[in-house]
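# Remarks on the overall topology
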Amino acid sequence: MIVERDVVVVGGGPAGLTAAARLAAAGLTVTILDEQPELGGQYYRRPAPEVARRWGDHRREGGELIAGVRAAGVECRTGHLVWGLADDDRTLLAEDEAGRPVRLRGRHLVLATGAYERSFPFPGWQLPGVTTPGFAQHLAAGDHTPIGERVVLAGSGPFLLPVACSLLALGVKVAGIAEAGTPYRPGRRALGTLRHPARLRELAGYAARLARARVPVWQGAVVLRADGHDRVSSVTLAAAGRPGQAIRTVEADALCVGYGFRPQTDLARLLGCEVTADPGTGDAIPVTDPAGRSSRPDVYVIGEAAGIGGAPTARARGLAAAHDILARETGHPVPPAEARRVATAARRLGHFTALTDALYPSPAQLLDALVPALADSTMACRCESVTAGELRADAAGDVNAAKARTRAGMGPCQGRVCGFAVAGLVRGGAVFPSRVPIRPVRMTTLLELAAEDGPA
Amino acid sequence: MTAPRSATIIVDGRPVTAVAGVSLTAALVGDHRWALRRNPVDGGPRGPFCGMGVCFECEVTVDGVPSVRACLTRIRPGMRVDTTGAPNDR
């Protein structure tokens, strides 16, 4: 069966939901796909209904946006994993929640595939109890479940602050926050955020909450290693400037480490959309115009997948793409006042993102500091258990050659978790190439798909 | 305010109770079960890492279906979960 629509939206987070609602409200046939059991993406991930009933919905506006999408008549296919592309280069291959194959075609494809957390290895990072900060946040906000009793947060970026506050709200002891940079000092750069008082207040609110709870913030500190048997039990930190020398060991039953977010671009790259290195982060991002149109006229890339900017930016990008599609479909551009409002909002939000980014070390600076200190024996690729030393031996500057020789990046995560570090270790390009299947797919799905096509 | 309803699932033959409808990772972590699988290459214990479907470290067998990501699965009463390492079908 092939699902044919005016627009197929991949990803049900802030960007995809905003675009889908606007397009369907204008009368287009729209299908939105997401691999999660419910719409919302990561930012608007829905709490369990019992959690919401007892403790409230921490992001009610997400529920309102989803209700708007349904009311507008968008076909919502959750539990659908998009894993490939047919030979015609435009039909998406997916599997539904029961593992049945689904093919979808849209005259316009809107990719709102979001982002995932940037990780960097250290000895012991594969121990159970070592996670991303996002996992701790989902457990706390969506499931009202503390990730541990005594937690260390580490990495870099503003996201560590709200995660720490979510843990405090559950009564968790936050043993400390190790921030690789030194962002929390009064300085000129911080003044620019005054143009966005609401968002500055949000960050200041987190900082005040952490100060009241006397949570130590160790600036300029990185994780040297995690120790434990079947679960992490202690964390040793080092100074970011001397990442090999221990400065402090902290007991913890959970360690959550993340260095911000990376755009999830595999589907855009599979579709042949041109990518470029993000000037701020070095990550590969699709080349898009202000409306999100990629190098392929039928493919839009919006939200975090087009470059990290946060949920308000994602929603602005979703609206801009919807306006562009509607203008092409109807021959009538959206009223200029509305278009101008969206463009102005997107510009202001981009400005805030740039200012916030400037407070924290860039990914390139992180690699410069962390890669030389990474011991050869450290596991770099978690799926295939490949060490940093094995990858260094292949430092020919080619992630593909390293992948073929060591198997790094060949496991189920397809290099999403190790890719940043592997690129740093082999001093190569920023991303592994995108190949079908971009996610592991069940053998039964492939067999059923082949059966639909009939004998070769 | 009323207490939340709970649900009981069966993990490796033992009952585990959690708030109804939470993610399977929440039910397991709430029961202090962190090691959900062994890495097929080095045999070491692994547990949930990303919580959003990217890393595949939380794959378990659910009602006989192998390689199910616990982080993307909500618990249902009576759900049978196996973390003892049923063979991977991929």
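What this report covers is the structure whose coordinates are included nearby. (Residues numbered from 1 in each chain as written. Chains lettered and ligands numbered in written order. Predicted model: local features only at pLDDT ≥ 70, side-chain atom pairs only at ≥ 80, totals over all residues.)

Here we take up the overall build of chain B. Within chain B, the regular secondary structure consists of one helix and seven strands. Listing each helix as α and each strand as β along chain B from the N terminus yields β-β-α-β-β-β-β-β. By the compact-globule yardstick of 12 Å for 90 residues, chain B fits well, its C-alpha radius of gyration being 13 Å. Taken along the three principal axes of its C-alpha coordinates, chain B extends 50 × 25 × 20 Å. Nonlocal contacts in chain B, meaning residues at least 24 apart in sequence, comprise 35% of its contacts between residues at least 6 apart. (Helix = DSSP H or I, 4+ residues; strand = E, 2+ residues; numbered from the N terminus. Rg over C-alpha atoms; globule rule 2.2 N^0.38 Å. Contact = placed C-beta atoms within 7 Å.)

Looking now at the pairing of strand β1 (residues 2-10) of chain A. Residue and element names in this part refer to chain A. Examined bridge by bridge, β1 and strand β6 (residues 101-111) share eight bridges and lie parallel to one another. Within β6, the residue paired with R5 across the bridge is G106. Both β1 and strand β2 (residues 30-33) contribute to a ladder of four bridges, which runs parallel. By the bridge assignment for β2, V7 is matched with V30. (Pairing = 2+ DSSP bridges.)

Two orientations exist for strands paired in a sheet by backbone hydrogen bonds: parallel and antiparallel. Residues and elements named next belong to chain A. The five strands lie next to each other as β8-β15-β9-β10-β11, forming an open sheet whose pairing is parallel. In this open sheet, the two strands that pair with only one neighbour each are β8 (130-131) and β11 (217-219). Here strand β10 (residues 173-179) runs beside β11; their pairing, made up of three bridges, is parallel. Following the sheet pairing, I177 is matched in β11 by V217. Against the sheet, helix α4 (residues 133-143) makes contact with β8, β9 (150-155) and β15 (254-258), and its axis sits at roughly 120 degrees relative to β15, the strand it touches most. (Axes fitted to C-alpha atoms, helices over the stretch in contact; angles between N-to-C directions.)

Moving on, we get to the nonpolar core. Residues and elements named next belong to chain A. Formed by 163 residues in total, the largest nonpolar core has its most connected members in A20, L111, V151, L255, A380 and V422. The biggest single contributor to this core is helix α9 (residues 311-330), with nine residues. Beyond its immediate sequence surroundings of up to four residues, A380 is in contact with P121, V386, T387, A388, L391, A408, C418, A421, V422 and L425. (Core = buried A, V, L, I, M, F, W, Y, C linked by C-beta atoms within 7 Å. Buried ≥ 20, exposed ≤ 12 C-beta atoms within 10 Å, placed from the backbone.)

Right, let's talk about the sheet that holds strand β6 (residues 65-69) of chain B for a bit. Residues and elements named next belong to chain B. Spatially, the five strands line up as an open sheet ordered β2-β1-β7-β5-β6, and their pairing is mixed. Looking at which strands have only one partner, the edges of the open sheet turn out to be β2 (14-19) and β6. Neighbouring strand axes in the sheet, compared pairwise and without regard to direction, differ in orientation by 40 degrees on average. Direction of pairing for strand β1 (residues 6-11) relative to β2: antiparallel, over a ladder of six bridges. Pairing of S6 across the sheet is with V19, part of β2.

The next subject is unusual backbone geometry. All names here are of chain A. The phi torsion at D89 lies on the positive side, around 70 degrees, for a residue other than glycine. By the secondary structure assignment, D89 is in the loop between β4 (81-85) and β5 (92-95). For D89, a count of 10 C-beta atoms within 10 Å translates into the label exposed. A positive phi angle, near 55 degrees, is found at S385, a position not held by glycine. Within the secondary structure layout, S385 lies in the loop between β20 (379-381) and β21 (386-387). The partly exposed category is assigned to S385, around which 19 C-beta atoms lie within 10 Å.

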